[in-house]
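Listed below are the residues making up each chain.
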Amino acid sequence: MSEDLKKYDKSLLQDLLKTMMRIRRFEEKAAQAYGLRKFGGFCHLYIGQEAVAAGSVAAVNLENDYIITAYRDHGHALAVGMSPDTVMAELFGRIDGCSRGKGGSMHLFDADKHFYGGHGIVGAHIPLAAGMALKIKYHEEPGVVLCFFGDGAIHQGSFHETLNMASVWKLPVVYICENNHYGMGTDFRRVSSQPQLYKMADSYRMAGREVNGMDALEVYDNVVEAASQVRQDNVPALIEMKTYRYQGHSMSDPAKYRTKDEVAEYKNQDPIVILKDRMTEAGLLDEQEYKKLDNEMKNAAKDSVEFAEKSKRPELKTMFEDVFA
Amino acid sequence: MPKIAFREALRQAMDEEMQRDENVLLMGEEVAQYNGAYKVSRGLWDKYGDKRVIDTPITEEGFTGIGIGAAMAGLRPIVEWMTFNFSIQALDQIINNAAKMRYMSGGQFSLPIVFRGPNGPAEWLSCQHSQAIASIYAHVPGLKVVSPCTPYDAKGLLKTAIRDDNPVIFMEAELLYGLEGEVPEDEYLIGFGEADIKRSGEDLTIISFGKVVHMALKAAKALEQDDIDAEVIDLRSIKPLDEDTIVKSVSKTGRCIVVDESWPFASVGSHVAWLVGNRCFDMLDAPVELVSSEDIPMPYEHTLELAAQPTQDKIFSAVEKVLYLN
């Protein structure tokens with residue numbers, strides 16, 4: 001098992017682990033702050049799915065490449081390198097939040113980091129990704145777009161309309177379906193005529209692949225491969241990441257539609273533990289280093305709450321700003 | 001000054017802007033190889049090729065969204081809907097994405113995109129293909145809404161729309177595409193929020209926009225025989241709205257009729273009528289009248305179809321009311 005880690009740079013492995021831990025600790029703090037009513041609204045936690053954002057984002061170069069995702073976006077925002085402070089401040093609706101308190105949990109953006117959101121209507125951002133890819137192709141740039149969405153979005157018309165056009169127009173997009181098994185409370189197997197979601201790629205003459213989304217390295221390898229194929233062959237691709245969220249759909253969902261056994265089974269394949277164990281086995285990490293890293297991430301999350309609390313609420317006059325350019 | 005058709009004025013606007021800025025592209029159903037369902041894009045594909053004039057499949061939500069994503073990333077797309085009736089399929093993209101992206105990102109993105117195509121009643125088409133839906137778009141913050149009624153205005157406003165860094169809903173009337181008018185050869189732009197007094201008068205103000213401006217002008221002409229001197233204001237841009245020109249005119253005439261071919265409830269027309277009531281209350285000599293389409297889906301048969309819309313007779317009867325002629 002440890003042998004196969006040799007093909008990776010140590011720094012990549014450390015980054016993947018660190019990113020997943022940063023997301024995990026951040027989300028725990030966010031949940032706590034939400035519980036204390038420091039902020040409200042919908043709050044969709046990413047705990048359990050960290051390997052998907054961490055592994056995918058590490059596989060691209062955001063100088064040229066772009067990321068867009070749906071409303072469960074805290075993980076992707078942190079994975080692209082946005083500071084926990086600015087993300088937490090946005091959850092709190094404060095002026096130092098990345099969207100100046102106008103977007104909130106579901107609408108995190110960082111244009112400079114090529115992170116194009118943070119979108120709250122299920123499936124409605126799927127065509128936007130193709131539009132971003134159209135711009136890449138139009139200017140003959142080397143980039144690809146990674147477009148994340150859940151299993152709930154794959155049945156939307158926007159998905160089918162867009163994958164058809166993206167294929168015909170040969171647009172550089174990797175569509176990444178994070179199949180966490182439930183579209184809100186609905187098991188995807190109850191509502192998907194094709195339960196192997198990646199096979200939908202066949203209908204649009206593009207490559208589809210299924211990936212264990214609990215394994216950051218498997219995610220990383222597959223996104224590297226898919227992105228390079230997209231760049232080389234000028235065809236989009238679809239990846240189904242099999243993953244799992246430990247919490248309910250949002251903070252208001254007790255997730256009673258799942259059995260305890262099922263949740264326990266997935267917690268046994270925790271993405272952080274999987275990578276940690278492999279790195280430990282390979283002698284690349286010891287318990288002390290791990291603890292140190294974990295404390296670092298815990299502190300960063302704690303600091304982000306302090307930062308958010310200290311940041312001012314937006315002045316009333318700002319409500320009229322940024323309607324038009 | 002050369003006289004050209006409304007559709008040619010639109011074509012010239014797109015051609016000139018595509019030539020000026022390589023980021024401008026046109027996409028939509030039949031815009032390229034077919035030269036446009038209404039021939040507005042005639043010749044553009046020959047000139048600019050597949051890269052910049054893109055035929056799409058019939059999937060309004062999808063290609064509208066692709067246009068919006070392209071605009072976020074820095075292109076300046078013109079998205080043509082074969083008619084605004086089909087834009088309803090893309091409403092989620094327009095309202096939830098185009099109109100709000102800048103705002104919900106805290107000002108990080110510009111959305112330089114134009115959505116255009118024919119809007120409003122045509123003939124013998126029944127309810128799904130014959131409706132005026134400016135009010136729906138005008139309702140949404142983050143969108144600019146424009147509706148020209150002459151070739152001159154069409155060209156000047158479309159060029160402005162293409163250069164605007166915001167989403168612009170550009171509504172053309174299907175029955176105006178063949179209308180001819182003078183258009184200068186030299187470049188010109190018409191700013192948004194500048195209403196045009198299409199006919200000046202002293203006795204009452206008729207406020208309108210789009211195709212029905214011509215009906216208002218015809219009615220004003222006919223009223224001359226009875227020594228009634230009507231001023232006709234063409235709003236041209238609905239959002240932003242030129243409130244000053246409206247207030248100034250009604251302050252002068254003291255009487256006002258609003259003519260809008262959309263349905264009456266919560267419409268551009270009802271908003272303008274409210275605005276006049278609110279801002280010109282002390283100057284008004286009569287309540288403001290609204291002439292609109294009836295509150296029904298469009299019937300198919302031509303007599304019913306015409307009667308469901310604003311007519312000259314409906315305008316005359318509104319004139320009688322505001323002048324207390326009966």
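Counting restarts for each chain, with residues numbered from 1 along the sequence as it is written. As a convention, the first chain written is A and the first ligand written is 1, with the rest following in written order. The predicted nature of this model means local features are confined to residues of pLDDT at least 70 and side-chain atom pairs, given and counted, to a pLDDT of 80 or more, with totals for whole chains, interfaces and linings taken over all residues. Only heavy atoms go into the side-chain values, all of them from the structure, while hydrogens and water stay out.

For chain B, an unreviewed UniProt entry supplies the name 2-oxoisovalerate dehydrogenase subunit beta and the organism Limihaloglobus sulfuriphilus. Within the UniProt record for chain B, the comment given under Cofactor (unreviewed entry) is "thiamine diphosphate". UniProt positions are given in the numbering used here, feature names are shortened, and annotations may be inferred rather than shown by experiment.

Per an unreviewed UniProt entry, chain A goes by Pyruvate dehydrogenase E1 component subunit alpha and derives from Limihaloglobus sulfuriphilus. Entered under Catalytic activity (unreviewed entry) in the UniProt record, the comment concerning chain A runs "N(6)-[(R)-lipoyl]-L-lysyl-[protein] + pyruvate + H(+) = N(6)-[(R)-S(8)-acetyldihydrolipoyl]-L-lysyl-[protein] + CO2". Here is the UniProt Function (unreviewed entry) comment for chain A, exactly as written: "The pyruvate dehydrogenase complex catalyzes the overall conversion of pyruvate to acetyl-CoA and CO(2)."

Would you explain the overall build of chain A in this entry?
Tallying secondary structure elements over chain A gives eleven helices and eight strands in all. For chain A, the spread of C-alpha atoms along the three principal axes comes to 55 × 50 × 40 Å. Exposure is judged per residue with a 1.4 Å probe applied to protein chains only, and the accessible area is read against the type maximum: over 50% gives exposed, under 20% gives buried, and values in between give partly exposed. The buried share of chain A, reckoned over its 325 residues, is 58%. Pairs at least 24 apart in sequence give 75% of the contacts found in chain A among residues at least 6 apart. Only DSSP runs of H or I with at least four residues qualify as helices, and only runs of E with at least two residues qualify as strands; both kinds are numbered from the N terminus onward. Contacts between residues were defined by any pair of non-hydrogen atoms, one from each residue, lying within 4.5 Å.

Got a minute to help me understand the packing of aromatic side chains in this structure?
Any pair of aromatic rings gets described here by the distance separating the centres and the angle formed by the planes. Planes of paired rings set the category: under 30 degrees apart is stacked, over 60 is edge-to-face and the rest tilted, where pairs are Phe, Tyr or Trp rings (Trp by its six-membered ring) whose centres lie within 6.5 Å. Taken as a whole and judged by the stated rule, the model has 19 aromatic pairs over all chains. A ring pair is formed by Tyr116(A) and Phe109(B), whose centres lie 4.5 Å apart and whose planes are at 70°; its orientation type is edge-to-face. A residue pair is termed interchain when its members come from two chains, as with Tyr116(A) in strand S2 (residues 115–118) and Phe109(B) in the loop between helix H6 (101–104) and strand S5 (114–119). Of the residues examined, Tyr116(A) reaches a relative accessible area of 6% and is grouped as buried. Ring geometry for Trp81(B) against Phe115(B): centres 5.1 Å apart, planes inclined by 5°, an arrangement best described as stacked. Taken together, the positions of Trp81(B) in the loop between strand S4 (76–80) and helix H4 (84–87) and Phe115(B) in strand S5 put the pair 34 residues apart, joining distant regions of the chain. For Trp81(B), a relative accessible area of 0% gives the class buried. Connected via pairs of aromatic rings, a cluster forms that spans Tyr66(A), Phe109(A), Tyr116(A) and Phe109(B).

Even after reading the chapter, I still don't get the sheet that holds strand S9 (residues 196–199) of chain B, so can you show me in this structure?
Adjacent strands of a sheet form backbone hydrogen bonds with each other and so pair up, either parallel or antiparallel. All names here are of chain B. The sheet built from five strands is open, its strands ordered S9-S11-S10-S13-S14 with mixed pairing. Both outer strands of the open sheet, S9 and strand S14 (289–291), are each paired with one neighbouring strand and no more. Pairs of neighbouring strands in the sheet enclose a mean axial angle of 25°, with direction left out of account. Pairing between two strands is assigned when DSSP locates at least 2 bridges connecting them. Looking at chain direction, S9 and strand S11 (residues 230–234) are connected through three bridges and run antiparallel. Directly across from Arg199, in S11, lies its bridge partner Val232. Every axis corresponds to a line fitted to the C-alpha atoms, with the helix fit spanning only the stretch in contact, and the corresponding angles, defined between N-to-C directions, vary from 0 to 180 degrees.

When you look at helix H1 (residues 10–35) of chain A in this model, what are you seeing that I'm missing?
The α-helix winds at 3.6 residues per turn, so residues separated by three or four positions along the chain end up facing the same way. What a helix should span is 1.5 Å times the count of its residues minus one. An ideal rise of 1.5 Å per residue puts 38 Å on 26 residues; H1(A) measures up with 38 Å between its terminal C-alpha atoms. Just downstream of H1(A) lies Arg37(A), where phi reads positive at about 60°.

When you look at the confidence of the model for chain B in this model, what are you seeing that I'm missing?
As a note on interpretation, predicted positions should not be read in detail where pLDDT is low. pLDDT expresses how confident the predictor is about each individual residue, on a scale running from 0 to 100. On average, residues of chain B carry a pLDDT of 98, and 100% of them reach 70 or more. Complex prediction metrics read pTM 0.96 and ipTM 0.95.

It is not clear to me how the environment of Gly191(B) should be interpreted in this structure. Could you clarify?
Residue and element names in this part refer to chain B. Position of Gly191 relative to the elements: it lies in the loop between strand S8 (180–182) and S9. On the basis of relative accessible area, Gly191 is assigned to the partly exposed category, the value being 24%. Spatially, the C-alpha atoms of Gly191 and Thr160 are 6.5 Å apart, while their sequence positions differ by 31 residues. Aside from chain neighbours lying at most four places away, what touches Gly191 is Leu157 and Thr160.

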